[in-house]
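# Notes for the structure review
One-letter residues, chain by chain:
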Amino acid sequence: MRRLAPLLLAALALPGTARAQRPIVLRFSHVVALDTPKGQAAELFRRRAGELTGGKVRVEVHPGGQLYKDNEEIEALQLGAVQMLAPSLSKFGVLGMREFEAFDLPFLFDDYGELRRVVDGPVGRALLQKLEPRGILGLAYWDNGFKSFSANVPLRRPEDFRGLRMRIQASGVLDAQMRALGAVPQVLPFPDVYGALAAGVVDGTENPISNLYTQRMHEVQKHLTLTRHGYLGYAVIANKRFWEALPAEVRRALHQALAEATQHANRIARQANDEALLAVRRAGTTQVHEPTREERARLLRALLPVHRAAEERVGKDLVRAIYAATGFDPEQRAPAP
Ligand code: LMR
């Protein structure tokens, strides 16, 4: 809260009260590097918002958690100290909303196609609408990709995780996932993860490879197992009061800029992760393991109970609606040994 105070004063100047000739400043804060899918998409949004509004809006992108870290940023948005964010879907629990944690269920999505059927359909739209009573407008979903586990020991079997301190995002489902493997989950803000791994405060973590590589975590993680066991994506959100006070033509232009940025984010996400994996292999500091079918099946069997346990937390109807949209069937996904 102390860090929010100076920007709060600036935030009181809402667009409706701004002097006509001055550009409306829109602060877009995020916690990742510029050369990630989210970093690139935010940059495209910044450029197109300026072009499409004829300079009426100046988007300032603050990457890398420079302004706010994980939980702080949502509070800053609600207070109007920043106007847009794209937090990962795992981080909405701070609003007292557990529903977005459904996206953290292990092995829920086989690929981006299944995921799109959920976020672009009624489930995705209903979730974004639930943000409005909290003063937040949900505008779009952006992909990052599928997470893999890393540590300083090879992680091939569930028993390899036993007792490891694994960094997670602040999500009850991710907490349950790590506990199901016998690991000890530790919530840490994203910008602090590299330091915590380097200092041995935590032993391992899970990331899409673009996040792992751009934070240089591969330099402090000797092993990476390409489990692709969970999805990490973002909801692009705005301060509702700010957005609704914008002149209608400005709002239309920003929606257009955002549609272009969303297309871009979702187009480059897979490629960014593929390139990051090549870069990790080239760096030679991390041994990369591709799990065998049997290893993957064992991990799956260890993690599927997390689905049943999470139903109470995130809502049984929601979990069932996601299964229906993707065709998910726990029996098929983890056949008995
Ligand atoms: C994380 O904390 O691991 C991610 O949410 C970071 C991000 O924004 O991709």
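In the block above lies the structure referred to throughout.
The numbers attached to residues start from 1 for each chain and follow its sequence in the written order. The model is predicted, so local features are restricted to residues of pLDDT at least 70 and side-chain atom pairs to those at 80 or more, both for listing and for counting; the totals for chains, interfaces and linings are taken over all residues. The basis for every side-chain value is the complete set of heavy atoms in the structure, and neither hydrogens nor water enter the calculation.

## Focus on the environment of A310
One can find A310 in helix 12 (residues 305-314). Burial classes: relative accessible area under 20% of the type maximum marks a residue as buried, over 50% as exposed, and values in between as partly exposed (1.4 Å probe, protein chains only). According to the relative accessible area criterion, A310 is buried, its value standing at 5%. Measuring from C-alpha to C-alpha, the distance between A310 and L174 comes to 9.9 Å, with 136 residues separating the pair along the chain. Contacts of A310, omitting those with residues within four sequence positions, involve L105, V173 and G315. Put simply, DSSP marks the helices as runs of H or I at least four residues long and the strands as runs of E at least two long, and each gets a number from the N terminus on. The criterion used for residue contact is that any of the two residues' heavy atoms lie within 4.5 Å.

## A word on the nonpolar core
For our purposes a nonpolar core is just a set of buried Ala, Val, Leu, Ile, Met, Phe, Trp, Tyr and Cys residues, chained together by side-chain atoms within 4.5 Å. Core analysis: the largest hydrophobic core is formed by 58 residues, its most contacted members being F92, F100, F103, F109 and L131. With 5 residues, the top contributor of residues to this core is strand 4 (residues 136-151). What F100 contacts, discounting residues up to four positions off in sequence, is L89, F92, L127, L128, L131 and Y141. Of all hydrophobic cores here, the second largest spans 48 residues; its members include F28, L212, L232 and L246.

## Here's the deal with the packing of helix 2 (residues 37-52) against helix 10 (residues 248-283)
In contact at an axis separation of 8 Å, helix 2 and helix 10 are set at 155° when each is read in the N-to-C sense. As the angle between them shows, helix 2 and helix 10 are arranged roughly antiparallel. The interaxial crossing formed by helix 2 with helix 10 has right-handed handedness. Facing helix 2, whose interface residues are P37, Q40, A41, L44, F45, R48, A49 and L52, helix 10 presents A253, L254, Q256, A257, L258, E260, A261, H264, A265, I268, A269 and A272. The residue inventory of the contact of helix 2 with helix 10, partitioned by class, reads 15 nonpolar, 3 polar and 2 charged. Inter-axis angles, ranging from 0 to 180 degrees, are taken between N-to-C directions of lines fitted to C-alpha atoms, where helices are fitted over the stretch in contact. With respect to orientation, any angle under 35 degrees is reported as roughly parallel, any angle over 145 as roughly antiparallel, any angle of 65 to 115 as roughly perpendicular, and every other angle as oblique. Crossings are sorted by hand: turned counterclockwise from the far helix by less than a right angle, the near helix makes the crossing left-handed, and turned clockwise it makes it right-handed. Gly counts as polar in this scheme, as do all residues outside two lists: the nonpolar Ala, Val, Leu, Ile, Met, Phe, Trp, Tyr, Cys and Pro, and the charged Asp, Glu, Lys and Arg.

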